[in-house]
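As a plain string of letters, each chain reads:
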Amino acid sequence: MPRPFHPEGAGQLSVTPSESVRRGAERELEMLESLLALGGLVLLRDSVEWEGRSLLKALIKKSAACGEQVHILGCEVSEEEFREGFDSHVNSRLVYHDLFRDPLNWSKTGEALPEGPLGALRAMCRRTNPGPVTIALDSLSWLLLHLPCTTLCQTLHALSHQDSCPGNSTPVEPVHVLGLLHEELHGPGPVGALSSLAQAEVTLSGAMGQASAHILYRRPRQRPTHQTQWFSILPDFSLDLQRGPPLELQRHADPHTPPTAGSTAPW
């Protein structure tokens, strides 16, 4: 028996532009919230072709919107450049620790961090209140050039495993540590060491001008899972998530490629 003909779109619910925007915002929040949900280290692995600072700033914006205080250890760009694009509310939540202007305190003006990068990291380990905190490191690559890998890994572990404030046994909220890593600058040893510390690991790539994030989640007592998201970042550091790779890429896609946006599978 022949199938009845239905005009294109018949039997489907129409989606208004406002509804489409709402669903897009929900998908954006799901990606950002999933990266911040576990606590601990979120490792952002970028490259020359696919930069990761914009995604770092999108995560910072999300943490600030949730009322968290965000500490930024800035090593590669000035404070003014880093704050650019954030609104006044987000900027009011940021505490910027400046290692860019005078990283080794050569000027002796008192504006630099006197104990250098390691002292700055250790100071962040000393929490003064039990509220939620996000620490953003821009970047881990810069820190690896100035600190032994073992020392950096030990300090990152201490940063992300703060159970109480000094002199106070009251439990504290989990710490989110966001670390940007320029993967091409390092060998497999340092990259592997940092990867082993991460609760979530984002490897940025893309195709045909469209960025993608391959996300590896390591949840306690569960098998690692991975997810691929295609996206672009707007000037205000909101995410514009796509449903999948560019159409031209899909036409030539190999059947064994990783899952597309929103899908998960065992690692």
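Everything numeric in this text was worked out from a predicted model, so none of it was measured. (Residues numbered from 1 in each chain as written. Predicted model: local features only at pLDDT ≥ 70, side-chain atom pairs only at ≥ 80, totals over all residues. Heavy atoms only, no water.)

1. Side note on helix α7 (residues 149-160)
Cut-off, in case you're wondering: The helix and strand labels rest on DSSP assignments: H or I over at least four residues marks a helix, E over at least two residues marks a strand, and numbering proceeds from the N terminus. Here the expected length of a helix is defined as 1.5 Å per residue gap, with one fewer gap than residues. With a 1.4 Å probe rolled over the protein chains alone, any residue whose accessible area is under 20% of its type maximum counts as buried; one over 50% counts as exposed, and the rest are partly exposed. Here, the arc refers to the directions that run from the helix axis to the C-beta atoms. The contact criterion used throughout is that any non-hydrogen atoms of two residues lie within 4.5 Å.
For α7, with 12 residues, the first-to-last C-alpha span of 17 Å sits near the 16 Å given by 1.5 Å per residue. Looking only at α7, the buried set comprises Leu 152, Cys 153, Thr 155, Leu 156, Leu 159 and Ser 160. Looking straight down α7, one finds that the buried residues subtend no more than 165° of arc, so they occupy a single side. Looking at α7, the residues exposed on the side facing more than 90 degrees away from the buried face are Thr 150 and Gln 154. Contacts from the buried residues of α7 go to β1 (40-46), α5 (116-125), β4 (133-138), α6 (140-146), β5 (175-182) and α8 (188-197).

2. Observations regarding the environment of Pro 224
Within the element layout of this structure, Pro 224 appears in the loop between β7 (210-217) and β8 (225-233). Judged by its relative accessible area of 31%, Pro 224 is partly exposed. In this structure, the C-alpha to C-alpha distance between Pro 224 and Ala 200, residues 24 residues apart in sequence, is 9.6 Å.

3. Describing the packing of aromatic side chains
Put simply, the rule reads: Here the aromatic set is Phe, Tyr and Trp, taking the six-membered ring for Trp, and pairing holds for ring centres within 6.5 Å; pairs whose planes are under 30 degrees apart are stacked, those over 60 apart are edge-to-face, and all others are tilted. Throughout this description, the term charge over a ring refers to an Arg CZ or Lys NZ atom that lies within 6 Å of the ring centre and within 35 degrees of the ring normal.
Applying the stated criterion across every chain, the model contains three aromatic pairs. Ring geometry for Phe 82 versus Tyr 96: centroids 5.9 Å apart, planes at 55°, classification tilted. With Phe 82 in helix α3 (residues 79-83) and Tyr 96 in strand β3 (residues 94-98), the pair connects residues that are 14 residues apart, well separated along the chain. The burial state of Phe 82 is the same as that of Tyr 96; both residues are buried. Arranged with centres 5.4 Å apart and planes meeting at 50°, the rings of Phe 86 and Phe 237 form a pair that is tilted. Within this pair, whereas Phe 86 is found in the loop between α3 and α4 (88-92), its partner Phe 237 is found in the loop between β8 and β9 (239-242), the two being separated by 151 residues in sequence. The exposure class of Phe 86 is buried, given its relative accessible area of 9%. Three or more aromatic residues joined by ring pairs form one cluster here, namely Phe 82, Phe 86, Tyr 96 and Phe 237. Positioned above the aromatic ring of Phe 86, the side-chain terminus of Lys 57 is 5.1 Å from the ring centre.

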